[in-house]
Amino acid sequence: MLEATLTDMRQMGDHVLLRFRLANGEELLARRPPTAALQRVTAGQVAILAWQPGQAIAFPFRGEMG
């Protein structure tokens, strides 16, 4: 589990792209299906991130969200 702060959230058609900043300054992107719960989420909120190892792909960040 990682504690992170949501810095950006963008609707991308069939998914929502979320950008988080970790305490050490590194960033993490998460792609989720749009849900009613995400409508209550705003930038600046702290989140605890967790996932199944088989559901994650790690790659170098290239700044896709500008």
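Look above for the structure.
Residues numbered from 1 in each chain as written. Predicted model: local features only at pLDDT ≥ 70, side-chain atom pairs only at ≥ 80, totals over all residues. Heavy atoms only, no water.

## As for the overall build of the protein chain
Scanning the protein chain from N- to C-terminus turns up 0 helices and 4 strands. Helices and strands appear in the protein chain in the N-to-C order β-β-β-β. Relative to the compact-globule value of 11 Å for 66 residues, the protein chain shows a C-alpha radius of gyration of 12 Å, a close match. When its C-alpha atoms are laid out on the principal axes, the protein chain stretches across 30 × 25 × 25 Å. Sequence-distant contacts in the protein chain: of pairs separated by 6 or more residues, those separated by 24 or more amount to 42%. Carbon and sulfur atoms form 54% of the exposed surface of the protein chain, whose accessible area is close to 5100 Å². Once the 7 positive and 6 negative side-chain charges of the protein chain are each reduced to a mean point, those two points are 5 Å apart. (Helix = DSSP H or I, 4+ residues; strand = E, 2+ residues; numbered from the N terminus. Rg over C-alpha atoms; globule rule 2.2 N^0.38 Å. Contact = heavy atoms within 4.5 Å. Areas by Shrake-Rupley, 256 points an atom, 1.4 Å probe, with all protein chains shown as cover. Lys, Arg positive; Asp, Glu negative; His and termini not counted. Charge placed at Lys NZ, Arg CZ, Asp CG, Glu CD.)

## What about the pairing of strand β1 (residues 2-11)?
Judged from the 4 bridges that link them, β1 and strand β4 (residues 46-49) form a sheet pairing that is antiparallel. By the bridge assignment for β4, threonine 5 is matched with valine 46. One ladder, built from 7 bridges, connects β1 with strand β2 (residues 16-22); its direction is antiparallel. Bridged to threonine 5 within β2 is arginine 21. Taken together, β1 and the strand that follows it, β2, pair antiparallel across an intervening segment of 4 residues, in which glycine 13 is found at a positive phi of about 80°. (Pairing = 2+ DSSP bridges.)

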